[in-house]
Amino acid sequence: MSSRQSSSQQFMKYLKSVGGSESDISGTAYVVTDEDTVESVVSHLRIEQQHHGRLIREPAILHASAQVMISRRDEHDPVRHAGASQAGEYQLDIHFGPGRTTRESIPEKELADAQIWARARIEAGGAEFGAIYFPAGGSGAPGSGALVFNFDRSVGWYR
C-alpha cells in the first residue's frame, strides 16, 4: 500500500479484489453511525439485503464494503474519529497460545514489507499464528480493526 493512499482507498482496492464495486456501497440505504464497527455494518448490510429480497453477497464483499464505509466515516470526521488509522499503519497480533496474544505496530508502510517483517517477528517469538490488522477507529487492542492477512506457520499468509 502506498503511504499516500487513504484507508478507504486501500479498502476499496480490496473490495474490488474480492469481486465487489462502488455499487455495493452506494446501493445501500444504511448510513454509518459514530458507534458502528465493521461487524455492526456487516450485520446491517445483511439485514438490509434480506429485507429487500436481494441476493446476499459473499461475506468477503460485505466485510470489505463495511470497511470502506467505516473508513470513509472516519476520514470525513477526523475530529470525532481522531484515532482513525492512516495509510500504512499496520498492526501485528502474535498468538502465542490460549489467552496469550500481543499487539505491536509494524514499522513498514508497504503491505509486502509488512508481511516480511511480521513473519520474522512471529517466527522469532516461536508462535504458530499471527495476523496483520489495519486498525479502525484507533483501537490498539489485539483483534481489533480490519483484518488484512492471517499467518499460519504451516500455510503461510492467507486472507
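For every chain, the first residue of the written sequence is number 1, and numbering continues from 1 onward in sequence order. The model is predicted, so local features are restricted to residues of pLDDT at least 70 and side-chain atom pairs to those at 80 or more, both for listing and for counting; the totals for chains, interfaces and linings are taken over all residues. Heavy atoms from the whole structure form the basis of all side-chain values; hydrogens and water molecules are not counted.

A.B. asks: Quick question: what am I supposed to make of the environment of Val148 here?
C.D. replies: Along the chain, Val148 falls in strand E4 (residues 146-152). In the structure, Val148 is positioned 14 residues away from Phe134 in sequence and 6.5 Å away in space, judged by C-alpha atoms. Two residues form a contact once any of their heavy atoms are found within 4.5 Å. Excluding anything up to four places from it in sequence, Val148 contacts Tyr90, Leu111, Ile132, Tyr133, Phe134 and Arg159. Going along the chain from the N terminus, every DSSP run of H or I of four or more residues is numbered as a helix, and every run of E of two or more is numbered as a strand.

A.B. asks: Would you mind showing me how to read the sheet that holds strand E2 (residues 100-105) here?
C.D. replies: One key point about sheets: their strands pair by backbone hydrogen bonds, in either a parallel or an antiparallel sense. A pair of strands is considered paired only if DSSP assigns at least 2 bridges between the two. Strand order in the open sheet formed by five strands is E2-E1-E3-E4-E5, and the pairing between neighbours is antiparallel. Since the sheet does not close on itself, it has two edges, and those belong to E2 and strand E5 (156-158), each with one partner. Taking the axes of each pair of neighbouring strands and ignoring which way they run, one obtains an average angle of 25 degrees across the sheet. Alignment of strand E3 (residues 129-134) against E4, held across six bridges, turns out to be antiparallel. Its bridge partner lying in E4, Phe134 is registered against Ala146. Under this scheme, a helix contributes an axis fitted over its contacting stretch, all axes are lines through C-alpha atoms, and angles between N-to-C directions fall in the 0 to 180 degree range.

A.B. asks: What's the story with the nonpolar core in this structure? I'm lost.
C.D. replies: Core analysis: the biggest nonpolar cluster contains 33 residues, and Val41, Met69, Tyr90, Leu92, Ile106, Ile132 and Val148 have the highest contact counts within it. Elements that contribute at least two residues to this core include exactly helix H1 (7-17), helix H3 (38-51), helix H4 (59-76), strand E1 (91-97), helix H5 (111-124), E3 and E4. Sort the elements by how many residues they give to this core and H4 lands first, with seven residues. Not counting the four nearest positions on each side in its chain, Met69 is found in contact with Ile25, Thr28, Tyr30, Val32, Val41 and Leu45. Residue types Ala, Val, Leu, Ile, Met, Phe, Trp, Tyr and Cys, when buried and joined through side-chain atoms within 4.5 Å, form a set referred to as a nonpolar core. Accessible area is worked out with a 1.4 Å probe on protein chains only. A residue is then buried under 20% of its type maximum, exposed over 50%, and partly exposed in between.

A.B. asks: What should I look at first to understand the environment of Gln115 in this one?
C.D. replies: Examined against the element boundaries, Gln115 turns out to sit in helix H5. Setting aside residues up to four positions removed in sequence, Gln115 forms contacts with Ile132, Phe149 and Trp157.

A.B. asks: Sorry, what's going on with the confidence of the model for the protein here?
C.D. replies: Close inspection of predicted coordinates is inappropriate for parts of the model with low pLDDT. Along the chain, pLDDT gives the predictor's confidence residue by residue, from 0 to 100. Residue-level pLDDT values for the protein average 79, and 81% of them are 70 or greater. Element-level mean pLDDT values for the protein span from 80 in H1 up to 91 in H5.

A.B. asks: What exactly am I supposed to notice about H4 here?
C.D. replies: Turn by turn, an α-helix covers 3.6 residues, leaving residues three or four places apart pointing in a common direction. The first and last C-alpha atoms of H4 sit 26 Å apart over 18 residues, in line with the 26 Å expected at 1.5 Å per residue. Within H4, the full set of buried residues consists of Ile61, Leu62, Ala64, Ser65, Ala66, Gln67, Val68, Met69, Ile70, Ser71, Arg73 and Asp74. By this rule, a helix spans an expected 1.5 Å times one less than how many residues it contains.

A.B. asks: When you look at the packing of H3 against H4 in this model, what are you seeing that I'm missing?
C.D. replies: The description of two packed helices rests on the angle between their axes and on the distance between the axes. The geometry of H3 relative to H4 is characterised by a closest axis approach of 8 Å and an angle of 120 degrees between their N-to-C directions. Considering the angle they form, H3 stands oblique to H4. Once H3 is placed against H4, the crossing between them reads as right-handed. Of the residues in H4, those touching H3 at Val38, Val41, Val42, Leu45, Arg46 and Gln49 are Leu62, His63, Ser65, Ala66, Gln67, Met69 and Ile70. Considering only residue class, the contact of H3 with H4 consists of eight nonpolar, four polar and one charged. Any angle from 65 to 115 degrees is called roughly perpendicular, while one under 35 is roughly parallel, one over 145 is roughly antiparallel, and all others are oblique. Two helices cross in a left-handed way if the nearer one is turned anticlockwise from the farther one by less than a right angle. They cross in a right-handed way if the turn is clockwise. Ten residues, namely Ala, Val, Leu, Ile, Met, Phe, Trp, Tyr, Cys and Pro, are considered nonpolar, four, namely Asp, Glu, Lys and Arg, are considered charged, and the remaining ones, Gly among them, are considered polar.

A.B. asks: Can you walk me through the pattern of salt bridges in this structure?
C.D. replies: Where side chains of opposite charge bring their charged atoms close, a pairing between them can arise. Salt-bridge detection follows one rule: a side-chain nitrogen of Lys or Arg within 4 Å of a carboxyl oxygen of Asp or Glu. Within this structure, the stated rule accounts for five salt bridges. Two residues, Glu104 and Arg121, come together in a salt bridge whose shortest N-O distance is 2.9 Å. Separated by 17 residues along the polypeptide, Glu104 in strand E2 and Arg121 in helix H5 bring together distant segments of the chain. Of the charged contacts, one joins Arg119 and Glu123 as a salt bridge, the two residues approaching to 3.0 Å between their closest N and O atoms. Of this pair, Arg119 and Glu123 both sit in helix H5, four residues apart, which is roughly one turn of that helix.

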